[in-house]
Amino acid sequence: MAPENFNSNGNASNLPWENGSLDSLSLANSKKAVMEIIEQPLVQGIEDHLVEFSEAMRTVSKALRRAAEGKASAQAEASEWKRKYELERQRNLQLENKVPASVDLKDNFPEKKVENFKRMDEQSQICSGKNGIYSHEVLRDNENNSYSNIHSKLIRKASFKLHWCCKGEKNDQHKHDVVSFEKGNITTAERSSKQICLKWESPPQTVLILTKPNSVSVKFLCAEMIRWLKEKKLNIYVEPRVRTDLVTESPFFNFVQTWKDDGILLLHEKIDLVVTLGGDGTVLWAASMFKGPVPPIVPFSLGSLGFMTPFHSQHYRECLKSMLQGPISITLRHRLQCHVIREAAKTEYETEEPILVLNEVTIDRGISSFLTNLECYCDNSFVTCVQGDGLILSTTSGSTAYSLAAGGSMVHPQVPGILFTPICPHSLSFRPLILPEYVTLRIQVPFNSRGHAWASFDGKDRKQLAPGDALVCSMSIWPVPTACQGDSTNDFLHSIHEGLHWNLRKTQSFDGPRESS
């Protein structure tokens, strides 16, 4: 018989680690049990730390994104001030180089011309009026240094003023206060809902004609209109392709002017009035050519619907004669300014210029088969998460376009606001919104989105938005002034009656049953 093992107390013991007979299998099992006990809280702790780290990274990402948006806004404002400064400096250099200081104006020119030249120096500053439209003239380039040639060749951009007018009122005075506080009572004051009128302070001299392409009737009308405007001794600009067609047809049109690729950026400094021959798409194209202030636009209806084209081409002579003399009833159509902020750049603002839209910016799922997932913020406050085909951010001028087809309301174009309209939302309670014009909207593709989104601006210039990318939209300070045939309200109501046959139905018969008295 094998001897028994005794412990320190003299008792028998069969434990392997006490009698020294621990085999390798028992040792391995013991180590495995010990490691499981040790690793269980360790793994749980690592998972908790990973969750905390992930949340911290999301917080940092949001902070970086907000910093990028702030930088984008600051850069946009700085670039605008820089542009204005460069234009002012260039104008001052032109005046210094073209008018010698030793020339005595009084000895060489009549007193009236001297006064006009001094007034021209004061009034030729580029400034934005209260409604965001340039209201003073800008000088053209001239290479001759003699004052006589300067006075004969410099063309002053026509100046104008906007004012409120109302039928039956003889003065232009208007109260701009929304509310008044008097004797402890708050009451609504006279609102700024009257018709806006434009009065020329100096006669317009330069007209830009924009035409719908690939239309024979528009081409003939354009040539006829140019001949008529030439008789009025006006300077006429057309697009490069149009000028090529006109000169090819007849050398008579050699006097028509155009611009090169870079010249379109300074077009607002030369043009007093824009004439469009086409439909609403031609008006959108005209607005997209001006990244800053937009001259008054006279739109002639040669398209399909014509919500923004109240004038008929058959009476263009009477219409243009009235527009050139003034005053003109104006509808100020607001535009949206859009910035794309890329997540990949983190703190760097996308180097593209801001995009201005007159109708709407649309964010949709493109060719993806997944629902669009969009996080929406208004002035840094969370609005909602859009799950559907997409979202439309529309101006009130665009309320009769894509937004209307998606279930949005029709809004008078002079009502300042931004329409927030979902496209086929997967929800029974997602109704469209109308937000005030002063808010800033941010639409972001979340990181957990299953696919990309696509943004289009007035139906063109599509851009892909990857997870983490954002689109920031706010109201632009540069509206689009379009001329009215009657007034803004009459034109709007006429357009929805004629274009959409709004509320058109048969009248109820009068000879049916009647309510008994």
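The chain goes by NAD(+) kinase in an unreviewed UniProt entry, where it is assigned to Lactuca virosa. If you open the UniProt record of the chain and go to Catalytic activity (unreviewed entry), you find "NAD(+) + ATP = ADP + NADP(+) + H(+)". Quoted straight from UniProt, the Sequence similarities (unreviewed entry) entry for the chain says "Belongs to the NAD kinase family."

Caption draft 1: Broad picture of the pattern of salt bridges. On inspection of all chains with the given rule, the structure shows five salt bridges. The partner of glutamate 224 in a salt bridge is arginine 317, with the nearest N and O atoms 3.0 Å apart. Of the two residues, glutamate 224 is situated in helix α6 (residues 216-231) and arginine 317 in helix α9 (residues 316-325); the sequence distance between them amounts to 93 residues. Ionic pairing is found between arginine 365 and aspartate 389, a salt bridge with its closest N-O pair at 2.8 Å. Of this pair, arginine 365 sits in the loop between β13 (360-364) and β14 (372-378) while aspartate 389 sits in strand β15 (residues 381-394), and the two are 24 residues apart along the sequence.

Caption draft 2: The arrangement of the environment of isoleucine 363 in detail. With respect to the helices and strands, isoleucine 363 occurs in strand β13. Sequence separation between isoleucine 363 and leucine 391 is 28 residues; the distance between their C-alpha atoms is 5.3 Å. What isoleucine 363 contacts, discounting residues up to four positions off in sequence, is Leu374, Asp389, Gly390, Leu391, Ile443, Ala453, Trp454, Ala455, Leu465 and Leu471.

Caption draft 3: Structural detail: the side chain of threonine 395. Counting through the fold element by element, threonine 395 comes out in the loop between β15 and α10 (402-405). The exposure class of threonine 395 is buried, given its relative accessible area of 1%. In contact with threonine 395, other than residues within four places in its own chain, are His334, Arg335, Leu336, Val357, Leu358, Asn359, Gly417 and Leu419.

Caption draft 4: Expanded view of the pairing of strand β5 (residues 206-211). The buried fraction of β5 amounts to six of the six residues, a majority that puts the element mostly inside the structure. Relative to strand β6 (residues 235-238), β5 runs parallel, the two being bridged by four bridges. The residue bridging isoleucine 209 from the neighbouring strand is valine 238, located in β6. For the segment spanning β5, α6 and β6, crossover handedness is right-handed. Summarising the sheet, β5 and strand β7 (residues 273-278) pair through five bridges and their orientation is parallel. Bridge pairing in β7 places isoleucine 209 opposite valine 275.

Caption draft 5: Representation of the environment of methionine 475 in the model. The residue methionine 475 is located in strand β21 (residues 470-475) in this model. Distance from methionine 475 to threonine 440, taken between C-alpha atoms, is 7.8 Å for residues 35 residues apart in sequence.

Caption draft 6: Quick look at the confidence of the model for the chain. A residue-level look at the chain finds 69% of positions with pLDDT of 70 or above and a mean pLDDT of 77. The low-confidence segment residues 168-178 (pLDDT under 50) makes 19 contacts with residues lying over four places distant or belonging to another chain.

Caption draft 7: Spatial organisation of unusual backbone geometry. Phi at lysine 233 takes a positive value of approximately 60°, unusual for a residue other than glycine. For lysine 233, a relative accessible area of 76% translates into the label exposed.

So, how was this worked out
- Residues numbered from 1 in each chain as written.
- Predicted model: local features only at pLDDT ≥ 70, side-chain atom pairs only at ≥ 80, totals over all residues.
- Heavy atoms only, no water.
- UniProt positions renumbered as here; feature names shortened; annotations may be inferred.
- Salt bridge = Lys/Arg side-chain N within 4 Å of Asp/Glu carboxyl O.
- Helix = DSSP H or I, 4+ residues; strand = E, 2+ residues; numbered from the N terminus.
- Contact = heavy atoms within 4.5 Å.
- Buried < 20%, exposed > 50% of the residue type's maximum accessible area, 1.4 Å probe, protein only.
- Pairing = 2+ DSSP bridges.
- Right-handed = clockwise from strand over helix to strand, strands pointing away.
- pLDDT = per-residue confidence, 0-100.

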